[in-house]
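Commentary on secondary and tertiary structure
Here's the letter readout for the chains.
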Amino acid sequence: MIQPEALIQLRGVSKDYPLGKVTVPALRGVDLSVSSGEFTALTGPSGSGKTTLLNLAGCIDKPSDGTVWIDGQDTTPVALHQLAPFRARRLGFVFQTFNLFPVLTAFENVEYPLLLSGLGKKERREKVSHWLAEVGLADRSGQKPDQLSGGQRQRVAIARAMIAEPALVLADEPTASLDSHTAAGILDLLERLNLGTGTTFLFATHDPRVMERARRQVSLRDGAIEDDSRASLRHAGGYAHAV
Amino acid sequence: MLFNFAIRNIFRNRRRSLVTLLVLVFGATALIVFGGYKENSFLGVRESTIRNSLGHLQIYKRGYVQSESFQPLQHGLENVESIRKAVEADPRVEMTSAQISLMGLVSNGEKSEAFLATAVEPSKDKNMASQIIKEGTYLSEDQPDGIIVGELLAKSMNVRPGDSLTLMTTSVNRSLNAMDMLVVGTFTTGVKDYDERSLKMPLAAAQRLMHTAKVEKLLVLLKSTDDTAAAKQDTARTLAAAKFDIEIRDWQQLATFYYQVVALYNGIFGFLGCVVFVIVVLSVSNTVMMNIFERTREVGTMLAMGTSRARVWSVFLAEGLALGVIGGLLGVAIGSGLATLINHVDIHMPPPPGYTVGYLLRILLEPSILVTTFAISVLTATVSSVVPGIRASRLNIVRALSHV
Ligand SMILES: Nc1ncnc2c1ncn2[C@@H]1O[C@H](COP(=O)(O)OP(=O)(O)OP(=O)(O)O)[C@@H](O)[C@H]1O
Ligand SMILES: [Mg+2]
């Protein structure tokens, strides 16, 4: 059954990669549902299928088998490029390597998703300023990515992922390129955004600090879910508040 | 935003963009210089063909063009003076000139050769400089038996100004007739074949030689070539109203040589254009393709974030367009600069095959050539990015994102 409150639901999802003559199974019959407002970490050893799962949940890849439901809708039969407007409206992406547009300033990078939605110039400016301030970079708006530190770049990327007010933000190893101090700052920011806006976050990570902060931890092994655990009371208050 | 993005991306890899711009500039310059040379040649050949030999219009007795003549001047104009009067009343007409062309034998007493003569009204024909006098003088009204002879024919006949030659031809009543003429000058037309056979004589002398008062045709020279069509129509109407039984051809119907030049140059120009087009297309699409390859992850990010395929495509199309605009502007500037320079320094070109005189290299800088060149540059660069852009927009998102 589809749970009505589930934002994402994966049912019996498998993913095989053809590799020469053989096929590599990256996911084998995964069932997972993520509710609105969750702050979830996908963990597991290298090659366990974290990135693959994230790509499927992010509608940028198709499962070999099974179905991916988002917002109560089966996205599996719809072509990826036809899901582009859906991704622009409902999903945000944060990458390990930040993936900012190098020729655009911090301001313009954050503004980019709003250009896709065709928002007016004045509203765009207000929103971008708001989100740059939100990630603590109000004074860096005119700088290009190569003039920013790694942590600052990831903050710009987070503002960019958040600006269109998505329901779900997918982040693959968001802290892996950062030193531990900077990573902690980024995690604080993500947690604050999750609690403040109710946006759902799904991470793939190796980073124990991320796992520690996550209120739910789904661990994968060899393409299957090994463990799915909710965190301690420490975050329960915040979670309830967010909902 | 799209153009801003495109321009910044162009300047991202300066060296590659510079090479592409150089190719575009080279292409534009080639088009401007050769196109301008071609236009200038057309204009030159056209005007010299008209003003030196054909005239803008030629008036004949009806039937002249269609039917084969069995005797000289069978279709000759009889009342040339009244036709001339009617035609010259048109203010667009500069002058008219009556002619007979005839063939025959020329002899110096020892040997004979075939000649091709144009019989002209010396005072009229003087202005139509189809030949350059090498020795002696041009024909004149007070030398009724004077002729000028092509320099190679003169050499072969071993005559110089002051010597005499006998011309023999068939008269209108099909009898042979001969006349002694005085060589007053020798000339060159620049074309060897003509210089070996042709001579010019006064119209009156030719009429005496052929026992006729007719002329073959009346050439009409206009003040401006642009008036040709209108003047032709009006002249035809005027002459028809006055009951003259004539027909008219314009220079476009007569200038076979001009059209051969046009066809030849357009052929060369078309070929050159194709070569330039291919080079530019390959170069620009290569640039756009390398840009896309380098930015695979960026494209993956755009697509993941929900950028439509059409938008990704337009990003790269805009880059091609921007390259085309910059390259086109630079190319037009540099091309016209080079053309101006060439016109300024007077480059002497050797005589073309079949000619004996060279000419000055001139490039006609017409606005239409510049506009066309710019348009071609923009169009080519844009077209070149269509396919790479489509490929970019169809990249596999996950693979693009993991591209290093
Ligand atoms: N494009 C591909 N072609 C072939 N095999 C692939 C491809 N992508 C992933 N795989 C395989 O699928 C499996 C799962 O990969 P995935 O990238 O999801 O793991 P991961 O948990 O994200 O690993 P890591 O922690 O190293 O990022 C691995 O065995 C991997 O080799
Ligand atoms: Mg991974």
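We now examine the confidence of the model for chain A. Scored by pLDDT, chain A comes out at a mean of 91, with 93% of its residues at no less than 70. Low pLDDT, under 50, characterises residues 233-243 of chain A; the predicted model gives this stretch 14 contacts beyond four residues in sequence or across chains.

Residue and element names in this part refer to chain A. With five of five residues buried, strand β8 (residues 200-204) lies mostly within the body of the structure. The two faces of β8 match: Thr200, Leu202 and Ala204 on one face and Phe201 and Phe203 on the other face are all buried. Relative to β8, strand β3 (residues 39-43) is paired through four bridges, and the arrangement is parallel. The residue bridging Phe39 from the neighbouring strand is Phe201, located in β8. Of the pairings in the sheet, the one linking strand β7 (residues 168-172) to β8 comprises five bridges and is parallel in character. Opposite Asp172, over in β8, you have Ala204 as the bridge partner. Following the chain from β7 across helix α6 (residues 180-197) to the adjacent parallel β8, one finds a crossover that is right-handed.

Right, let's talk about the confidence of the model for chain B for a bit. Here chain B averages 90 in pLDDT, while 98% of its residues score no lower than 70. For this predicted complex, the interface confidence reaches an ipTM of 0.93, while the overall pTM sits at 0.77.

Okay, empty space enclosed by the protein next. Over the atoms rolls a probe the size of a water molecule, and in doing so it shows where empty space is left. For the structure on display, the rule yields two cavities of 30 Å³ or more. Considering only enclosed or pocket space, the largest cavity measures out at about 100 Å³ in volume. Forming the boundary of the largest cavity are Arg87, Ala88, Leu91, Gly92, Phe93, Pro113, Leu116, Arg160, Ala161 and Ala164 of chain A together with Met305 of chain B. Looking at the lining of the largest cavity, the elements that each hand over two or more residues are α2 (84-90), β6 (91-94), α3 (106-117) and α5 (150-162) of chain A. Looking at the lining of the largest cavity element by element, the count peaks at three residues for β6 of chain A. For the lining of the largest cavity, the class distribution of residues is eight nonpolar, one polar and two charged. Empty space within the second largest cavity amounts to approximately 30 Å³. Every residue along the wall of the second largest cavity is listed here: Leu56, Cys59, Asp61, Lys62, Pro63, Val68, Thr75 and Thr76 of chain A. Residues of the lining of the second largest cavity, tallied by class, amount to four nonpolar, two polar and two charged.

This part takes up the side chain of Thr188 of chain B. Residues and elements named next belong to chain B. Turning to its location among the elements, Thr188 is positioned in strand β7 (residues 176-188). What makes Thr188 buried here is its relative accessible area of 5%. At 2.6 Å, the side chain of Thr188 and the side chain of Asp195 are in polar contact.

Residues and elements named next belong to chain A. Looking at the element boundaries, Pro166 is found in the loop between α5 and β7. Sequence separation between Pro166 and Ala88 is 78 residues, and the spatial gap between their C-alpha atoms is 8.0 Å. Setting aside anything within four residues of it in sequence, one finds Pro166 in contact with Arg89, Arg90, Leu91, Gly92, Ala161 and Thr199.

What counts as what
- Residues numbered from 1 in each chain as written.
- Chains lettered and ligands numbered in written order.
- Predicted model: local features only at pLDDT ≥ 70, side-chain atom pairs only at ≥ 80, totals over all residues.
- Heavy atoms only, no water.
- pLDDT = per-residue confidence, 0-100.
- Contact = heavy atoms within 4.5 Å.
- Buried < 20%, exposed > 50% of the residue type's maximum accessible area, 1.4 Å probe, protein only.
- Helix = DSSP H or I, 4+ residues; strand = E, 2+ residues; numbered from the N terminus.
- Pairing = 2+ DSSP bridges.
- Right-handed = clockwise from strand over helix to strand, strands pointing away.
- 1 Å grid on protein atoms, 1.4 Å probe; cavity = no way out; pocket = protein on both sides within 12 Å on 5 of 7 lines; lining within 4 Å.
- Points joined across faces, edges and corners; volume = space filled by probe spheres on them.
- Nonpolar A, V, L, I, M, F, W, Y, C, P; charged D, E, K, R; others polar.
- Polar contact = N/O pair within 3.5 Å; in protein donor to acceptor, adjacent residues only side chain to side chain.

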